[in-house]
Structures are given as structure tokens and as C-alpha cells.
Amino acid sequence: MLKDLFNNKTEYATVNTSTGEGDLFEKPNIPSGMWLKCDKCGSIIYKEDLKANQYVCTKCNSHFRLKAITRINYFFDKNSFVEIGQDNVTNNPLDFEGYEEKIKKSRERTPSSEAVITGIAKVNGIKVAAGVMDSYFMMGSMGTVVGERLTELIEYATAKKLPLIIFT
């Protein structure tokens, strides 16, 4: 039963199925970060299989949460995304305790510098203005910089008469 759970990827997980007398049950040796669990159906999915399926569960078709950079790479034409607005950086105008540490940790967990990445890109060769929220960065919370980046993006798209795409 446990072997079926891991789709015969024995080079990544080993399960002792011995049931001899006196044997102690041995837990599977599963390297950290190689398997993910679907929140919807509970299936355990090999991370590379999930990536190959564009982070859609191979069992129930539930969509996993994506980092902003991953969504950019999947959606926009290859190498067409040019970031704008990255000069706007977060500060702590209301002096929330521990806020700087939270920002630092979010920047370590994701390549994003803020909860939104804005830029100009192409979709099937058509130039667009784009904003992609990153829920891995403080759960995509909207602070002053997110508002400023989105406002600048909308103003740019309006001035240049570009289609605007925002993923939230």
C-alpha cells in the first residue's frame, strides 16, 4: 500500500515492508521537499511531477499556489517580462514592531522584493502591462509599496494604451 503511494519512485523513498516476528516498523525515508500534499484531495505528489504538470494536482486537477516568478515564467512569452517599479521599496511608516524582520524573511523565501511584481511583457507577441501578486511574500498583503507599484503600472498602461493583466 505505501509503495503505491509513491508511484514506484524507489530511488527517492524507501519503505521496509518486512513483517517478520520481532521486526520493528521502519518509517519511510523521504527526503525533505521532494513530495507535496494536495490540500484538496490529500494525494502525495512527487514535486517534479507536479512541476511538469504546471503545479496542477495530477489526481484531482486542483491548482497549487504559485510564486510570482513561476507564474510569470508560465504565462508570458519566454524572456519577455521586464520588471518596472522595483525602485519602490518597503519601509515601516507606522513603526510596527518586528515588521522589518518579516520583510527580511519574506525576501529570503521568495525572489520577490515585494508582494507584487510589476512589469511589461508579451502574451503571444502582444505587449502588455502586468502585475503579479506573490502570496509567498507576506501572503500577498497590500502595503504602501504594492499600492504604489500597481498605481504606477495602471498609469503606465493607460498612457501607453496597453492591455493590463493583474494576477491576485
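Cut-off values and rules
Residues numbered from 1 in each chain as written. Predicted model: local features only at pLDDT ≥ 70, side-chain atom pairs only at ≥ 80, totals over all residues. Heavy atoms only, no water. Phe/Tyr/Trp six-rings, centres within 6.5 Å; stacked < 30°, edge-to-face > 60°. Buried < 20%, exposed > 50% of the residue type's maximum accessible area, 1.4 Å probe, protein only. Core = buried A, V, L, I, M, F, W, Y, C linked by side-chain atoms within 4.5 Å. Contact = heavy atoms within 4.5 Å. 1 Å grid on protein atoms, 1.4 Å probe; cavity = no way out; pocket = protein on both sides within 12 Å on 5 of 7 lines; lining within 4 Å. Points joined across faces, edges and corners; volume = space filled by probe spheres on them. Nonpolar A, V, L, I, M, F, W, Y, C, P; charged D, E, K, R; others polar. Patch = residues over 30% accessible without salt bridge, like charges linked within 9 Å, V, L, I, M, F, W, Y side chains within 5 Å. Areas by Shrake-Rupley, 256 points an atom, 1.4 Å probe, with all protein chains shown as cover. Salt bridge = Lys/Arg side-chain N within 4 Å of Asp/Glu carboxyl O. Lys, Arg positive; Asp, Glu negative; His and termini not counted. Charge placed at Lys NZ, Arg CZ, Asp CG, Glu CD. Helix = DSSP H or I, 4+ residues; strand = E, 2+ residues; numbered from the N terminus. Pairing = 2+ DSSP bridges.

**Q** Sorry if this is basic, but what is going on with the packing of aromatic side chains here?
**A** Think of a pair of aromatic rings as described by two things: how far the centres are apart, and how the planes are tilted against each other in angle. One pass over the structure, following the stated rule, counts 5 aromatic pairs. Ring centres of F75 and F76 lie 5.0 Å apart, and the angle between their planes is 85 degrees; on these two criteria the pair is classed as edge-to-face. The interplanar angle of 45 degrees and the centroid separation of 5.8 Å between the aromatic rings of F76 and F81 together place this pair among those described as tilted. The burial state of F76 is the same as that of F81; both residues are buried. What links up through ring pairs into an aromatic cluster is the set F75, F76, F81 and F167.

**Q** What should I look at first to understand the nonpolar core in this one?
**A** Side chains of a nonpolar character, in soluble globular proteins, are inclined to be buried together. Judged by nonpolar contacts, A68, I72, F76, F81, I117, A121, V123, V128, A130, V132 and F167 together constitute the single largest core of 11 residues. Apart from residues lying up to four places away in sequence, I117 is in contact with A68, I69, I72, F81, E83, S112, A130, G131 and V132. Core analysis: the second largest hydrophobic core is formed by 7 residues, C38, I45, C57 and F64 among them.

**Q** What's the story with the layout of surface pockets in this structure? I'm lost.
**A** With a probe scaled to a water molecule rolled over the atoms, the places where space remains empty come into view. Here the largest pocket is characterised by a volume of approximately 360 Å³. What lines the largest pocket is a set of 14 residues, among which L36, Y55, F64, R65 and Y136 lie closest to the centre. Its residues assigned to classes, the lining of the largest pocket shows 6 nonpolar, 3 polar and 5 charged. For the second largest pocket, the calculated volume is near 160 Å³. Lining of the second largest pocket is provided by T90, N91, N92, P93, L94, F96, Y99, E114, G143, T144 and V145. Considered class by class, the residues forming the lining of the second largest pocket number 5 nonpolar, 5 polar and 1 charged.

**Q** What am I meant to see in a negative patch on the surface here?
**A** Together, D87, E148, E152 and E155 give the surface a local cluster of negative charge. Structurally, E155 can be placed in helix α5 (residues 144-160).

**Q** Would you mind showing me how to read the environment of A68 here?
**A** Among the structural elements, A68 can be located in helix α3 (residues 68-75). For A68, a relative accessible area of 0% corresponds to the buried category. In sequence terms A68 and Y136 are 68 residues apart; their C-alpha atoms lie 8.3 Å from each other. Excluding residues that lie within four positions of it along the chain, A68 makes contacts with S112, I117, V132, M133 and D134.

**Q** In this structure, what is going on with the pairing of strand β5 (residues 126-133)? I would like to understand it.
**A** The element β5 is largely enclosed, with a buried count of 6 among its 8 residues. If you look at the hairpin formed by strand β4 (residues 116-123) and β5, you'll find 2 residues sitting between the two strands, and N124 has a positive phi there, around 50 degrees. As paired elements, β5 and strand β6 (residues 164-167) share 4 bridges and run parallel to each other. Bridge pairing in β6 links A130 to I165.

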